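# Descriptive structure summary
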Amino acid sequence: MTPAADGSAIRTDHIARHYQMGSALVRAVDDVSISIRLGEFVALLGSSGSGKSTLLNLIAGLDRPTSGGIYAHDLNLANMSSQELAKHRSHTIGIVFQAFNLLPRMTLEENVELPLRLAGVDRAERGSRVRDAIQHVKLGARLTHRPSELSGGEQQRAALARALVNRPTILLADEPTGNLDSATGDEIMNLLREINESLRMTIVMVTHEQPRAERFAHRMIQMKDGKLVSDGESR
Amino acid sequence: MKFRDLTELAWRNLREALLRNSLTTLGIGVGVASLVAMLSLGVGLQEMANQRLSRSGLFDAIIVAPRTNFRGFGRRAQDNDGSSVPGGPLDDEARKALERLPNVVEVYPEIRFPTEIRYAGVPYSTVVAGVPESGQRSGAYDGMTGTFFSGPAADEAILQIEFARQLSPVTSSLIGKELVLRYAERQALPAEPEANNGRANTNGADDAGLSGGFSVVPREEKLRIVGIVETEPASGFGGVGRGRVMIPLQVAEKLRVAQTNDFRTMLGARPGRNAYQSLTVRVKSPAVVKDVEDAIKPLGFATYSLLDATSNLRQVFAVFDLLMGIFGSLALIVASLGIINTLVMAILERRREIGVLKALGAADGDIRKLFFVEAGVMGLIGGLLGVAIGWMIGFGMNFATNTYLRRQSLPPLKVSSVPWWMVAAAIAFSIAVSLAAGLYPASRAARLNPVEALRYE
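Residues numbered from 1 in each chain as written. Chains lettered and ligands numbered in written order. Predicted model: local features only at pLDDT ≥ 70, side-chain atom pairs only at ≥ 80, totals over all residues.

Below, the discussion takes up the overall build of chain A. A count of helical and extended segments in chain A gives 7 helices and 10 strands. Out of the 235 residues belonging to chain A, those deemed buried represent 48%. Contacts spanning at least 24 positions in sequence make up 70% of the contacts within chain A whose residues lie at least 6 apart. (Helix = DSSP H or I, 4+ residues; strand = E, 2+ residues; numbered from the N terminus. Buried ≥ 20, exposed ≤ 12 C-beta atoms within 10 Å, placed from the backbone. Contact = placed C-beta atoms within 7 Å.)

With that out of the way, let us pick up the overall build of chain B. Check the secondary structure of chain B and you find 12 helices and 11 strands. Burial analysis of chain B (457 residues in total) assigns 43% to the buried set. Partitioning the intrachain contacts of chain B with sequence separation of at least 6 by distance along the chain shows that 84% fall at a separation of at least 24.

This next bit is on the sheet that holds strand β11 (residues 301-304) of chain B. Residue and element names in this part refer to chain B. Across the sheet, 4 strands lie side by side as β2-β10-β1-β11; this open sheet has antiparallel pairing. Among the strands making up the open sheet, the edge pair consists of β2 (104-109) and β11. Within this sheet the neighbouring strands show an average axis-to-axis angle of 25 degrees, counted without direction. Where strand β1 (residues 61-66) lies against strand β10 (residues 279-283), 4 bridges are found, and the strand directions are antiparallel. The residue bridging Ile-62 from the neighbouring strand is Val-281, located in β10. In this fold helix α7 (residues 289-296) packs onto β1, β2, β10 and β11, with an angle of close to 15 degrees to the strand it touches most, β1. (Pairing = 2+ DSSP bridges. Axes fitted to C-alpha atoms, helices over the stretch in contact; angles between N-to-C directions.)

Right, let's get into the interface of chain B and chain A. Contact residues are listed per partner, giving 17 residues for chain B and 19 residues for chain A. Taken together, the elements giving at least two residues each to the side of chain B that touches chain A come down to α1 (3-16), α9 (351-359), α10 (364-407) and α12 (450-455) of chain B.

Next up on the list: the confidence of the model for chain B. Residues and elements named next belong to chain B. When the pLDDT values of chain B are averaged, the result is 80; 81% of them are 70 or greater. A low-confidence stretch, residues 71-83 stays under pLDDT 50, and its non-local contacts, those more than four residues away or across chains, total 14 contacts. Predicted confidence is poor over residues 194-210, with pLDDT under 50, and the contacts of this stretch with residues over four places away or in other chains come to 56 contacts. On the interface metric, ipTM, the complex scores 0.92, and its pTM is 0.67. (pLDDT = per-residue confidence, 0-100.)

All names here are of chain A. Sheet topology note: the strand β1 (residues 8-21)/strand β4 (residues 67-72) ladder contains 5 bridges and is antiparallel. Note on β4: the bridge partner recorded for Ile-10 is Ala-72. Summarising the sheet, β4 and strand β5 (residues 75-76) pair through 2 bridges and their orientation is antiparallel. If you follow Tyr-71 over to β5, its bridge partner there is Asn-76. Between the end of β4 and the start of β5, which pair antiparallel, lie 2 residues, with His-73 showing a positive phi angle near 50 degrees.

The backbone of Glu-175 of chain A sits at a positive phi, close to 50 degrees, despite the residue not being glycine. Structurally, Glu-175 of chain A can be placed in the loop between β7 (170-174) and α6 (182-199). Overall, the presence of 19 C-beta atoms within 10 Å leaves Glu-175 of chain A in the partly exposed class. Not every positive phi belongs to a glycine, and Arg-256 of chain B is a case in point at roughly 50 degrees. Considering the arrangement of structural elements, one finds Arg-256 of chain B in the loop between α5 (249-255) and α6 (262-266).

Moving on, we come to helix α5 (residues 152-164) of chain A. Residue and element names in this part refer to chain A. An ideal rise of 1.5 Å per residue puts 18 Å on 13 residues; α5 measures up with 18 Å between its terminal C-alpha atoms. With 11 of 13 residues buried, α5 is to be regarded as a mostly interior element. Among all positions of α5, only Glu-154, Gln-155, Gln-156, Arg-157, Ala-158, Ala-159, Leu-160, Ala-161, Arg-162, Ala-163 and Leu-164 are buried. The elements touched by buried residues of α5 are β6 (93-96), α3 (108-118), α4 (123-136), β7 and α6. (Expected span 1.5 Å × (residues − 1).)

Attention now goes to the pairing of strand β9 (residues 219-224) of chain A. Residue and element names in this part refer to chain A. Alignment of strand β3 (residues 41-45) against β9, held across 4 bridges, turns out to be parallel. Within the sheet, the bridge partner assigned to Val-42 lies in β9 and is Arg-219. Relative to strand β10 (residues 227-233), β9 runs antiparallel, the two sharing 6 bridges. Bridged to Arg-219 within β10 is Glu-233. In textbook terms, the turn of a hairpin is the stretch between consecutive antiparallel strands, and for β9 and β10 this stretch comprises 2 residues, one of which, Asp-225, has a positive phi near 50 degrees.

With that settled, the discussion passes to the nonpolar core. Judged by nonpolar contacts, the single largest core of 121 residues is most densely connected at Leu-44, Ala-161, Leu-172 and Val-204 of chain A together with Val-36 of chain B. Among the elements that line this core, the one with the most residues is helix α2 (residues 18-56) of chain B, at 11 residues. The residues touching Ala-161 of chain A, leaving out its near neighbours within four places in the chain, are Val-112, Ala-133, Ile-134, His-136, Val-137 and Leu-139 of chain A. One finds Leu-90, Leu-98, Val-226 and Val-257 of chain B within the second-largest nonpolar core, a separate group that totals 51 residues. (Core = buried A, V, L, I, M, F, W, Y, C linked by C-beta atoms within 7 Å.)

Moving on to the sheet that holds strand β2 (residues 24-37) of chain A. Residues and elements named next belong to chain A. Read across the sheet, 4 strands follow the order β2-β1-β4-β5 without closing on themselves; strand pairing throughout is antiparallel. Taken across any chain shown, the strands that pair with only one partner, and hence form the sheet edges, are β2 and β5. Together, β1, β2 and β4 form the strand contacts of helix α1 (residues 52-60), whose direction differs from that of β2 by roughly 60 degrees.

What follows deals with the environment of Val-415 of chain B. Looking at the secondary structure, you find Val-415 of chain B in the loop between α10 and α11 (420-447). C-alpha separation for the pair Val-415 of chain B and Phe-399 of chain B, spaced 16 residues apart in sequence, amounts to 9.5 Å.

Here it is in structure tokens:
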């Protein structure tokens, strides 16, 4: 994926996402304009309901903005068909969730292989890519284990391997340490930083843990009530 | 996503809720079984009727007569085919010409005459019929006591069982015994010179020219009883071949038995030529009857066949099969509701999984196809299972029918038949119905909002 002319991996232009809940209009994301550079590690911070996860979903192409433009490598997701958005998620984006979201009936290896199956990658090529991704997160000994047989940290590392296997340029992480104890959370954060540095992968991480964000992210964007309240480099 | 991957994922999903999916598949299987059982009964009865009719000799036979003889069928001779070809005599030359036509198996005259039989010195009045060689292949003599004629010219007789019972209460004891056939033989009279201008003739298989007329001489012929047949075999329509004592046709022709219509046919043929009142042309199958008839008409003869009756019969069975199919399909339609229910349940259970798949790059079409393949796999397995159960039901019907028939001392029947085309059609129909049932759940799954699906606990 080539970078945008301005060097940004992701750019939002007065983006808004409003929901109608009964008679009330919920402004989950309201007129947010940000630009995230290629290879940047950004933390999206805010309290519950601030709109950070909604913004992450918009960047992922899982949701569509009510208004405004959202660009990934200069391609406006707001104008894409659902088929094109699926392709965007498959080739450009890798996602990890707070709840890991591994498929329980599949082994670690099969879970990691899933995005390759969805992308129609040849069977012959899959094996090596799956092994590489699993080695990267240091789970080589757990290939045939099911998620229920893995610890929380291992599950999140498996989810990271799954997110990386399609070689995306942007990694989105929604509260990746939310379900983990402090030490395991740090392990995951170290892994994210290592991925960001070694693969020059753009990472956008939603979190409500400001200290951790300050330690690992290059930049912190604070949201409140759907609006951007601060945007600055971490210390 | 590639089809193989789709199938693997679908199979994995189906194995997850094994009990529910097995029950749903069993439901489809029962539906297909009901369809197969119903249709197999329809097809079996149709095959049985076709076989019976085919054995009756009604549908693969064409009656050929000189044009003038066809007034008896309730129409004017020229109406039979509208042909303007002048009618010729139906003589040995014509018989050979008919035998040379393509798809013709056999051409023979109809010989059937009332006469007297003597057995153990006691006279019995009965009807004797000449049986052509093809009679053995008709199936009418299958399961008979004893054997068919040892040769086409053997002096042997087969008795119809009712007649045999008149001769002896223990019919099987008649096999190998001798009976005497008493009959009136035609003998040619010398031709008068003026009669040679065009007035000769004989019936049946006379050899010498009877242009001057014939006299009748009483004769006897000894015949050995070789078989006893349960049913009254017919070798053609119009009463032809229906007799209580059957003898080889060649023997019947050789006897030159005087028959009631000899006087009439004697007046029609050319001098010095044998002429037949009518000939039966047996063809390879009912399907070629029309072609052979079309080939015979230009030779100047009138023809008659029961072709139209077979097409009517096919129509009746087509409607019958359709009705059986509709009733059989009802169970499959009910089973398809089971598929809808199972897949809708699967959507609810796998809501989060669908969200994950979409987040990982699955398009709406991939999700739709996944559910579609799951429905198709259930249809395929259900179809295979259903065909097996349906076949077993058909086998059971045949077994029960034949057990009953055996107890009644009747010959066995095949009331149910599962041909290969039905197996293929039933499986294809099962898959088609399952895919149709999967349409709604598949499109509902594909439309799921991934954000909401991922939020689902």
